[in-house]
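Each chain, written out:
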2 protein chains.
Amino acid sequence: MLKETHLYREIHQQPGILARLLVDAQPAVTGLAEEVKRRQIRHVVIAARGTSDNAGRYAQYLLGAQNRLVVTLSTPSLFTLYHQPPDLSGTLVLGISQSGQSPDIVAVLAEGRRQGALTAAITNIPASPLAAQADFVVDLQAGEERSVAATKTYTAQLAAIAMLSSTLSGDPALAAALTQIPQAVEEILHTTSLEGIVQRFRYMRTCVVIGRGYNYATAFELALKMKELTYTFAEPYSSADFLHGPLALVEHGFPAFVIAPSGAVLPEIRRFIQTLASRNAEVVVFSDDADTLAMGEVSVPLPAGIPEWLSPITAIVPGQLFAMHLAYIRRYHPDRPRGLQKVTETR
Amino acid sequence: MLKETHLYREIHQQPGILARLLVDAQPAVTGLAEEVKRRQIRHVVIAARGTSDNAGRYAQYLLGAQNRLVVTLSTPSLFTLYHQPPDLSGTLVLGISQSGQSPDIVAVLAEGRRQGALTAAITNIPASPLAAQADFVVDLQAGEERSVAATKTYTAQLAAIAMLSSTLSGDPALAAALTQIPQAVEEILHTTSLEGIVQRFRYMRTCVVIGRGYNYATAFELALKMKELTYTFAEPYSSADFLHGPLALVEHGFPAFVIAPSGAVLPEIRRFIQTLASRNAEVVVFSDDADTLAMGEVSVPLPAGIPEWLSPITAIVPGQLFAMHLAYIRRYHPDRPRGLQKVTETR
């Protein structure tokens with residue numbers, strides 16, 4: 001039974017985890033934000049892999065837009081294989097990892113500490129090697145994640161990043177907006193019905209997932225869930241990058257999942273959907289905007305009233321459900337993707 | 001006839017273009033390097049799309065390893081759609097673009113200039129809008145690129161970046177190593193024979209392309225050529241990222257192209273090939289190392305004696321030839337990928 005899988009349960013634990021995180025993680029986030037300001041830090045270097053790296057992508061846009069920080073997704077091989085790390089002095093080195101175990105991610109933080117940079121970890125395991133290298137630890141408190149495919153720790157990581165950004169900005173309107181997220185995720189879980197829709201995609205072997213700006217992260221994370229859970233060859237793209245070459249892939253019926261919430265990016269995304277539609281692609285639209293939903297061959301509604309900067313936390317949830325249901329009708333076990341273990345250790 | 005296509009000609013022009021670039025671009029590169037040192041710049045922000053973005057990936061590793069610079073691949077939407085650019089003061093903002101035309105890339109440099117950052121452009125069109133925003137322009141002088149799929153401008157971009165890195169380092173051994181590159185590319189063009197090998201891949205619909213460190217860029221660029229020219233669904237990965245989830249895709253006969261030149265990354269890449277082989281993947285190895293070549297079901301030799309930091313310039317050339325020949329036997333026109341134009345303008 002699908003409802004008895006860890007994946008199903010963990011997806012449905014998300015509203016409670018997010019509500020608790022917004023309260024319990026605030027002291028650690030505030031401490032980190034104050035130290036960032038005290039040191040007048042302007043550059044952030046993020047170390048992460050897999051799902052956590054997608055949370056890092058969100059941080060790259062959000063901390064840039066709301067706090068003018070230049071955010072770099074780090075290159076761990078410079079630390080672990082070449083032993084020629086860059087100069088991290090004056091930066092915040094931020095590790096994001098569910099397990100806090102992967103040696104390459106730990107190595108980036110350890111080098112940051114050695115160079116005197118400010119270090120922080122966002123992790124579900126505060127007793128992990130990663131946390132041991134961090135001046136500040138944001139504990140996700142999401143409970144053990146037993147499904148191999150990460151869901152609840154991803155949305156918790158996004159929320160922790162949103163808390164950090166809103167705290168750094170000092171804008172109480174941003175903090176207030178965050179409080180509506182647990183309820184919005186709850187609403188998605190109650191109202192989204194994808195069991196029927198996924199049948200259409202039973203034999204889909206390849207697809208692209210498109211997002212831009214804040215939801216570039218959502219495109220990467222939905223593509224990763226599709227790969228891990230359904231073995232679909234799903235490649236993520238920003239709408240702009242896709243036009244610079246990969247557009248050649250599009251033939252009649254080519255499936256493209258497009259993350260299209262309301263906001264600054266939407267007009268650009270709508271033009272992109274038109275480009276795909278004019279080439280007879282099969283466009284699956286995730287949006288809260290009725291006109292945009294109507295542009296898709298298939299449409300997946302998102303909750304209304306969520307500001308764009310927070311939409312990645314809600315927009316991934318129907319994507320998690322989509323991948324879960326598609327895996328289930330393909331008779332794959334949602335908790336145990338072939339060839340994977342929960343903790344991946346890379347160097 | 002394949003030999004009469006622009007793509008074939010432009011691939012074969014590369015040795016001459018590289019030899020000229022190493023001489024003619026040195027004054028501009030030296031001027032830029034001196035200004036980077038004078039301003040004590042420690043952070044670089046790169047703006048690029050498509051093939052040029054892959055050259056940016058190379059710069060991220062090379063400038064990090066050889067000059068301790070923290071290099072960020074920029075997020076143009078923060079500039080063009082959100083109108084909330086990060087704080088670029090004290091950085092080098094580097095635009096890389098064949099045409100120098102795409103408005104989003106120009107916008108990043110213009111904002112850098114407005115904020116007082118040092119700006120530079122690596123472009124094939126020194127009269128372009130991008131060059132107009134740059135304090136220093138490195139002119140690739142590659143001649144008009146008429147094939148839609150970029151080849152000669154990509155290797156020229158890599159060489160320009162290698163020149164910048166070696167000049168910044170002040171190490172004459174690095175500059176000396178660079179001078180052997182044109183001859184090495186010439187050797188590849190004379191000795192590589194892929195017409196027979198590509199038949200095996202005639203019906204391949206999907207694949208992954210793996211590289212790490214300096215050759216992470218090569219994985220992205222080979223995957224992009226495969227998409228543009230052969231419409232193969234080719235996704236690039238670092239070997240480490242691939243283990244964090246996408247490994248679930250691997251089934252018997254799954255095609256994986258692995259860029260595996262000698263150097264610091266090779267032991268890790270060899271372990272990765274073993275992981276793939278133990279799952280009965282079809283591994284295609286690009287290497288100069290005989291033992292590593294022997295690990296592949298199919299092997300593509302690279303020239304011996306090229307240091308790892310320069311291997312991306314040579315390693316992509318057999319990849320260009322592979323994509324060209326595969327496109328040709330599939331009866332696609334190498335010069336005119338469907339749905340693409342030479343200059344893509346995104347915002």
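Residues numbered from 1 in each chain as written. Chains lettered and ligands numbered in written order. Predicted model: local features only at pLDDT ≥ 70, side-chain atom pairs only at ≥ 80, totals over all residues. Heavy atoms only, no water.

**Examining the domain arrangement of chain A**
All names here are of chain A. Here chain A is described as being made up of domain 1 (2-180) and domain 2 (186-329). Taken together, the contact pairs 30 residues of domain 1 with 27 residues of domain 2. The largest per-residue losses of area from domain 1 upon contact with domain 2 belong to Leu2, Tyr58 and Tyr61, which jointly make up 23% of the total buried on that side. Linking domain 1 with domain 2 are zero salt bridges. Applying the counting rule to domain 1 against domain 2 returns six residue pairs in polar contact (both at pLDDT 80 or more). Among the secondary structure elements, those contributing two or more residues to the side of domain 1 that touches domain 2 are helix 1 (6-12), helix 2 (14-24), helix 4 (50-67), helix 8 (152-169) and helix 9 (172-178). Considered class by class, the residues forming the side of domain 1 that touches domain 2 number 19 nonpolar, ten polar and one charged. (Domains from an automatic or database assignment. Contact = heavy atoms within 4.5 Å. Buried area = accessible area lost by both parts, 1.4 Å probe. Salt bridge = Lys/Arg side-chain N within 4 Å of Asp/Glu carboxyl O. Polar contact = N/O pair within 3.5 Å; in protein donor to acceptor, adjacent residues only side chain to side chain. Helix = DSSP H or I, 4+ residues; strand = E, 2+ residues; numbered from the N terminus. Nonpolar A, V, L, I, M, F, W, Y, C, P; charged D, E, K, R; others polar.)

**Structural notes on helix 3 (residues 26-38) of chain A**
Residue and element names in this part refer to chain A. Over its 13 residues, helix 3 extends 18 Å from the first C-alpha to the last, a length consistent with the 18 Å expected when each residue adds 1.5 Å. The set of residues buried in helix 3 consists of Val29, Leu32, Ala33, Glu35 and Val36. Down the axis of helix 3, the smallest arc covering the buried residues is 165 degrees, so these residues share one side. For helix 3, the exposed residues set more than 90 degrees away from the buried face come down to Pro27, Glu34 and Arg38. (Expected span 1.5 Å × (residues − 1). Buried < 20%, exposed > 50% of the residue type's maximum accessible area, 1.4 Å probe, protein only. Arc of directions from axis to C-beta.)

**Regarding the relation of the copies chain B and chain A**
Under the fitted operation, chain B is carried onto chain A by 0.0 Å of movement along the axis and a turn of 180 degrees, and the coordinates agree to an RMSD of 0.0 Å. The operation mapping one copy onto its partner corresponds to a two-fold rotation axis. Closest approach to the rotation axis within chain B is made by the C-alpha atom of Thr72 of chain B, at a distance of 2.4 Å. Of the interface residues in chain B, 100% have counterparts in chain A that sit at the interface too, so the contact is made through matching surfaces. (Least-squares fit on C-alpha atoms with pLDDT ≥ 70 in both.)

**Topic: the packing of aromatic side chains**
Residues and elements named next belong to chain B. Inspection of the entire model under this criterion finds 21 aromatic pairs over all chains. Taking the centre distance of 4.5 Å and the plane angle of 55 degrees together, the rings of Tyr231 and Tyr332 count as tilted. Here Tyr332 lies in the segment after helix 16 (311-329) and Tyr231 lies in the loop between helix 12 (216-230) and strand 7 (233-237), a separation of 101 residues in the sequence. What makes Tyr231 buried here is its relative accessible area of 13%. (Phe/Tyr/Trp six-rings, centres within 6.5 Å; stacked < 30°, edge-to-face > 60°.)

**Overview of the sheet that holds strand 2 (residues 70-73) of chain B**
Residue and element names in this part refer to chain B. In spatial order, the strands read 2-1-3-4-5; together these five strands make up an open sheet with parallel pairing. At either end of the open sheet lies a strand with only one pairing partner, and these are strand 2 and strand 5 (136-139). Across this sheet, the average inter-strand angle for adjacent strands is 20 degrees, counted without regard to direction. In this structure, strand 1 (residues 43-47) lies alongside strand 2, joined through four bridges in parallel fashion. Across the sheet, the residue bridging to His43 is Val70, located in strand 2. Packed on one face of the sheet, helix 4 (residues 50-67) meets strand 1, strand 2 and strand 3 (92-97) and runs near 160 degrees to strand 2. (Pairing = 2+ DSSP bridges. Axes fitted to C-alpha atoms, helices over the stretch in contact; angles between N-to-C directions.)

**Quick word on the interface of chain B and chain A**
Between chain B and chain A, the residue contacts involve 74 residues of the former and 74 residues of the latter. The largest share of the area that chain B buries against chain A comes from Tyr82, Phe233 and His244 of chain B, three residues that together contribute 13% of it. At the junction of chain B with chain A, the criterion picks out ten salt bridges. The shortest N-O distance in the salt bridge between Glu251 of chain A and Arg338 of chain B comes to 3.9 Å. Put simply, chain B and chain A have 28 residue pairs in polar contact (both at pLDDT 80 or more) between them. Residue composition of the side of chain B that touches chain A, grouped by class: 35 nonpolar, 22 polar and 17 charged.

**Regarding the packing of helix 2 (residues 14-24) of chain B against helix 8 (residues 152-169) of chain B**
All names here are of chain B. The geometry of helix 2 relative to helix 8 is characterised by a closest axis approach of 10 Å and an angle of 30 degrees between their N-to-C directions. As the angle between them shows, helix 2 and helix 8 are arranged roughly parallel. Considering the relative orientation of helix 2 and helix 8, their crossing is right-handed. Residue-level inspection shows Gln14, Ile17, Leu18, Leu21 and Leu22 of helix 2 in contact with helix 8, the latter providing Lys152, Thr155, Ala156, Ala159, Ala160 and Met163. (Parallel < 35°, antiparallel > 145°, perpendicular 65-115°, else oblique. Left-handed = near helix turned anticlockwise from the far one by under 90°.)

**Remarks on the pattern of salt bridges**
All names here are of chain A. Under the criterion given, the structure shown has 34 salt bridges over all chains. When the shortest N-O distance is used, the salt bridge between Arg38 and Glu35 registers 2.8 Å. Of this pair, Arg38 and Glu35 are both found in helix 3, three residues apart, which corresponds to roughly one turn of the helix. Of the residues examined, Glu35 reaches a relative accessible area of 15% and is grouped as buried.

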